[in-house]
Amino acid sequence: MLLNEYRRFDAGATAVRRHVWNEKVWSAAPYRVLHDTEEFLVVAGWPGLRGLVSTTWINSFVNGGSLRERTIRELASGEWNLGWWAWQGTTVRSWYGIHSYFTVRQYFDTDQNPLAWYVDFDLPKRRTLMGIDTFDLLLDLVADPDLSQYRWKDEDEYQQGRRLGLISDDTHRHVTEARSEVIGLIEDRLGPFAHDWAPLQWEAWQTPTLPENIEIYPAAAHL
């Protein structure tokens, strides 16, 4: 199927986001689709949704991030195991720009109060039969709900990823451009940052789940 003939996801459907490095799945998470266009995919996630992720990442999260450096080295090695992980504590609305080197998220606390904007810098998204594939480039930005302040996050991990060959010079150039683009969108309240903080009514929604054989589902089968 040609790229411009892909099947868009209806609102309420399940879409799976996978992080893939060298055609191997690093993580996979199911989300509920809110809106899908040729340019972006908007999805929702909430506590209890179960996905797969590197077991080293899970151990690092449980131990307050103490194994983050090891997690990045493992990713660069191409050798890891996946384990089940349930999302905890927050609900999230995520905007995946299909051609963008970043993803924008809105995090809510358990009472549906706004917590923060969060920007993940990642590769442009590749559509698959079950959702999208991308790769997290380790650099993040966090902004206040009213966008009055923002700060960069994990720049040391980004530099480590560059040293280990996870981020090429060409990708670094795209990320540098994306950083400027994101700041411009924040300052002008445009694109995904024009969205309001309408709460997600997830309690009434059906729980999305991962399909079987998520690890071996061909990463090359892109639409």
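Residues numbered from 1 in each chain as written. Predicted model: local features only at pLDDT ≥ 70, side-chain atom pairs only at ≥ 80, totals over all residues. Heavy atoms only, no water.

> Looking at this structure, I do not really get the overall build of the protein chain. What am I missing?
On a plain count of helices and strands, the protein chain comes out with 4 helices and 12 strands. For 223 residues, the compact-globule formula gives about 17 Å, and the C-alpha radius of gyration of the protein chain, at 17 Å, lands near that figure. When its C-alpha atoms are laid out on the principal axes, the protein chain stretches across 40 × 40 × 40 Å. Looking at the protein chain residue by residue over its 223 residues, the buried ones come to 48%. (Helix = DSSP H or I, 4+ residues; strand = E, 2+ residues; numbered from the N terminus. Rg over C-alpha atoms; globule rule 2.2 N^0.38 Å. Buried < 20%, exposed > 50% of the residue type's maximum accessible area, 1.4 Å probe, protein only.)

> I'm lost on the packing of helix 1 (residues 55-62) against helix 2 (residues 68-77) in this one. Help?
Between two packed helices, both the angle of their axes relative to each other and the distance between the axes serve to describe the pair. Put simply, helix 1 and helix 2 touch, their axes get as near as 9 Å, and they point 170° apart. Comparing the axis directions of helix 1 and helix 2 gives the class roughly antiparallel. Seen from helix 1, the contacting residues are Thr56, Trp57 and Ser60; seen from helix 2, they are Arg68, Arg70, Thr71 and Glu74. Split by residue class, the contact of helix 1 with helix 2 holds 1 nonpolar, 3 polar and 3 charged. (Axes fitted to C-alpha atoms, helices over the stretch in contact; angles between N-to-C directions. Parallel < 35°, antiparallel > 145°, perpendicular 65-115°, else oblique. Contact = heavy atoms within 4.5 Å. Nonpolar A, V, L, I, M, F, W, Y, C, P; charged D, E, K, R; others polar.)

> How should I be thinking about the packing of helix 2 against helix 3 (residues 155-163) in this particular structure?
Two elements in contact, helix 2 and helix 3, have axes separated by 10 Å at closest approach and are oriented at 30°. Comparing the axis directions of helix 2 and helix 3 gives the class roughly parallel. Helix-helix and strand crossings are classified by hand; for helix 2 and helix 3 the assignment is right-handed. Contacts between helix 2 and helix 3 involve Arg68, Glu69, Ile72 and Arg73 on the former and, on the latter, Glu157, Gln160 and Gly161. Looking at the contact of helix 2 with helix 3 residue by residue, the classes come out as 1 nonpolar, 2 polar and 4 charged. (Left-handed = near helix turned anticlockwise from the far one by under 90°.)

> Any chance you could explain the pairing of strand 10 (residues 131-134) here in plain terms?
Successive side chains on a regular strand alternate, one facing one side of the sheet and the next facing the other. Examined bridge by bridge, strand 1 (residues 14-21) and strand 10 share 4 bridges and lie parallel to one another. Pairing of His19 across the sheet is with Thr134, part of strand 10. In this antiparallel pair of consecutive strands, strand 9 (residues 126-127) and strand 10, the connection spans 3 residues. (Pairing = 2+ DSSP bridges.)

> Just checking my understanding: could you explain the environment of Gly45 for this structure?
For Gly45, the location among the structural elements is in strand 3 (residues 40-45). Sequence separation of Gly45 and Val92 is 47 residues, and the distance between their C-alpha atoms is 5.2 Å. Beyond its immediate chain neighbours, meaning those up to four positions away, Gly45 contacts Tyr31, Thr91 and Val92.

> Any chance you could explain the nonpolar core here in plain terms?
A general feature of soluble globular proteins is that nonpolar side chains tend to end up buried together. Grouped together as the largest cluster of nonpolar side chains are 45 residues, with contacts concentrated most on Phe102, Val119, Phe121, Leu166 and Phe193. Where this core is concerned, the elements lending two or more residues are strand 1, strand 2 (24-36), strand 3, helix 2, strand 7 (102-108), strand 8 (114-122), strand 11 (136-143) and helix 4 (169-188). Top element by residues in this core is helix 4. It accounts for 6 residues. Apart from residues no more than four positions distant in its own chain, Val119 is found in contact with Phe102, Thr103, Val104, Leu139, Asp140, Leu141, Val182 and Phe193. (Core = buried A, V, L, I, M, F, W, Y, C linked by side-chain atoms within 4.5 Å.)

> Would you take a moment to explain the environment of Asp136 for this structure?
Along the polypeptide, Asp136 turns up in strand 11. Taking C-alpha positions, Asp136 is 14 Å from Arg68, a pair spaced 68 residues apart along the chain. Polar side-chain contacts of Asp136 include one of 2.8 Å to the backbone nitrogen of Leu138. (Polar contact = N/O pair within 3.5 Å; in protein donor to acceptor, adjacent residues only side chain to side chain.)

> So what exactly am I meant to see when it comes to the confidence of the model for the protein chain here?
Detailed reading of the predicted coordinates is not advisable wherever pLDDT is low. Per-residue confidence for the protein chain gives a mean pLDDT of 91, with 92% of residues at or over 70. For residues 1-5, every residue scores under 50 in pLDDT, and the model assigns this stretch 5 contacts once sequence neighbours within four places are set aside. (pLDDT = per-residue confidence, 0-100.)

> Looking at this structure, I do not really get the packing of aromatic side chains. What am I missing?
A full pass over the atoms with the stated rule returns 15 aromatic pairs. For the ring pair Trp46 and Trp202, a centre distance of 6.0 Å and an interplane angle of 20° mean the geometry is stacked. Of this pair, Trp46 sits in the loop between strand 3 and strand 4 (50-54) while Trp202 sits in the segment after helix 4, placing them 156 residues apart in sequence. Among the aromatic side chains, those forming a connected cluster through ring pairs are Phe108, Trp117, Phe193 and Trp197. The ring of Trp80 carries the charged tip of Lys24 above its face, separated from the ring centre by 4.6 Å. Seen from the ring of Trp84, Arg50 lies directly overhead, with NZ or CZ sitting 4.4 Å from the centre. (Phe/Tyr/Trp six-rings, centres within 6.5 Å; stacked < 30°, edge-to-face > 60°. Lys NZ or Arg CZ within 6 Å of the ring centre and 35° of its normal.)

> Explain the side chain of Ser54 here, please?
Locating Ser54 in the fold gives a position in strand 4. Excluding anything up to four places from it in sequence, Ser54 contacts Trp26, Glu74, Trp80, Asn81 and Leu82.

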